Amino acid sequence: MGGLSHFLETDGLATTQISLVREHTEAMKPPRALWVPFILGRPLGEPNDAAFQRRVLRGALDLLERPLGDVPILVDHTEEADGATELDGRTCPVNYLPVEHDGSLANRLADEIVSLATWYELSVERTGRTVFGGAAMTIDEVADALVGAVDGAVAANAEQLSAGDTLRLAGEDLKAWVTEAATAQPGKMTAYALKAWFWEQTVAGETLLAAYQSSKTSDNESWRYQAPVLIPAELR
Amino acid sequence: MIYGVSMVRLADVPEAERNVILGLALPTYDTNPAVAGPPLRERRVAVVSTAGLHRRNDRPFRPGDEDYRVIPGDTAASEIIMSHASPNFDRTGYQADINIALPIERLREMAADGEIGSVADLHYSFMGATEPEYMEATAHELARHLIADKVDAVLLVPI
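Residues numbered from 1 in each chain as written. Chains lettered and ligands numbered in written order. Predicted model: local features only at pLDDT ≥ 70, side-chain atom pairs only at ≥ 80, totals over all residues.

Draft legend 1. Region of the structure containing helix α4 (residues 132-148) of chain B. If you check α4 of chain B, its first and last C-alpha atoms are 23 Å apart, about what 17 residues at 1.5 Å a residue would give, namely 24 Å. Along its length, α4 of chain B shows its largest kink, about 35°, at threonine 138 of chain B. Every buried residue of α4 of chain B is listed here: Met135, Ala139, Leu142, Ala143 and Leu146 of chain B. Contact partners of the buried residues in α4 of chain B: α1 (2-10) of chain A together with β1 (44-49), β3 (68-72), β6 (122-126) and β7 (153-157) of chain B. Just beyond α4 of chain B, the residue with positive phi is lysine 150 of chain B, at close to 65°. (Helix = DSSP H or I, 4+ residues; strand = E, 2+ residues; numbered from the N terminus. Expected span 1.5 Å × (residues − 1). Bend = angle between axes of the 7 residues up to and from the residue. Buried ≥ 20, exposed ≤ 12 C-beta atoms within 10 Å, placed from the backbone. Contact = placed C-beta atoms within 7 Å.)

Draft legend 2. Region of the structure containing the confidence of the model for chain A. Predicted confidence across chain A gives a mean pLDDT of 89, with 90% of residues reaching 70 or more. This model gives residues 84-90 of chain A a pLDDT under 50, and the stretch forms 14 contacts once residues within four places in sequence are excluded. (pLDDT = per-residue confidence, 0-100.)

Draft legend 3. Region of the structure containing the interface of chain B and chain A. Counting residues at the interface gives 75 residues for chain B, matched by 76 residues for chain A. Elements represented by at least two residues in the side of chain B that touches chain A include exactly α1 (15-22), β4 (80-82), α2 (92-96), α3 (104-112), α4 and β7 of chain B. Considering each element in turn, the side of chain B that touches chain A owes the most residues, eight residues, to α4 of chain B. Looking at the side of chain B that touches chain A residue by residue, the classes come out as 49 nonpolar, 14 polar and twelve charged. The pairing of strand β1 (residues 15-19) of chain A with β7 of chain B spans three bridges and is parallel. Bridge pairing links threonine 16 of chain A to leucine 155 of chain B in β7 of chain B. (Nonpolar A, V, L, I, M, F, W, Y, C, P; charged D, E, K, R; others polar. Pairing = 2+ DSSP bridges.)

Draft legend 4. A look at the nonpolar core. Within the largest apolar cluster, 113 residues are counted, with the highest numbers of intra-cluster contacts made by Leu146 of chain A together with Val154 of chain B. It is helix α6 (residues 163-183) of chain A that provides the largest number of residues to this core, a total of ten residues. In this structure, this core is formed jointly by two domains, domain 1 (2-82) and domain 2 (105-235) of chain A, each of which donates at least three residues. Setting aside residues up to four positions removed in sequence, leucine 146 of chain A forms contacts with Ala170, Gly171, Leu174, Thr207, Leu208 and Ala211 of chain A. (Core = buried A, V, L, I, M, F, W, Y, C linked by C-beta atoms within 7 Å. Domains from an automatic or database assignment.)

Draft legend 5. Broad picture of the packing of helix α5 (residues 139-150) of chain A against helix α8 (residues 203-215) of chain A. Residue and element names in this part refer to chain A. Following both chains from N to C, one finds α5 and α8 inclined at 45°, their axes separated by 7 Å at the closest point. Taken together, α5 and α8 sit at an angle that is classed as oblique. Both α5 and α8 take part in a crossing whose hand is left-handed. Between α5 and α8, the residues in contact are Leu146, Val147, Ala149 and Val150 and Thr207, Leu208, Ala210, Ala211, Ser214 and Ser215, respectively. Its residues assigned to classes, the contact of α5 with α8 shows seven nonpolar, three polar and no charged. (Axes fitted to C-alpha atoms, helices over the stretch in contact; angles between N-to-C directions. Parallel < 35°, antiparallel > 145°, perpendicular 65-115°, else oblique. Left-handed = near helix turned anticlockwise from the far one by under 90°.)

Here it is as structure tokens:
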């Protein structure tokens, strides 16, 4: 952000920015920045809370009114967002269908997808959008690609992407699909609860962890390169 | 918790990852340019994000990409997706509400209420975590487009 600010200001464009990493902003000294105490990934703080988001925006944009003699300006936004609260302890149940099978990862993941499909569809209907689709595959194809990755099979390329990019985008799609479904279920979960649920209790999370373990020693260079981004740093 | 999944506010990011973030080699510059402008209520505002956002049919970002994707302000939220490489930030807020990362609707409301002058026709996203030096040429090129769109306030939004 600080670099972009420098380049744009050099060209005559006034900038102001939201800062999530205060230390970076302190070091790079962009002319105007509002540091926010939110979790990474939520620069505006609180989803679906227009008034909250407006207060953040106003905090950042108002810095443009300050005289040039004040820059560099780094102001702290003091209002916390709900997403930064402690884990609320609620779990998000997946009701597995009573399907008889061999208990393989592929079949368990397929069961999970079937059980969540109605919630995913509800999420799309309610929000009018989905962020699923980066890998340009169906959810079943995403599941096949990732289970295949666990067994060392290089995922089919989509849109002329490298095998590694396909793997990464398929992983993102699986996370997006499952968590969108979960958030359509009754009750509100914090970002932390949802993250813990995904990695600790879902077959999707188990699949990505297994795909990471398999891919990090793959003979395919692009695949090996992308393996770490399948899972959070603390789980590697 | 089985795996010790942690929170993702920077202060709560696992120490190893936090050290990577805080230990990034940041460039320093000989100058600190800052541009003045009219009152906020007269300014035309564009958003430049580093969330790796793009239109559904646009090219996905790859790690280290130095170029940007254009996002017209009238793009339906359902047509915007993210291909940022980092797995270490929350995506559920953005899934629930595009404004958490790309606050175009909020800016339109502020324009309607007279807090800002107007909202630009075009907005942009880079891939986060690309080293600034690699983005310099494309940032200067982008500046020309912003100026042509009569933008005089750029809101930079990280992820």
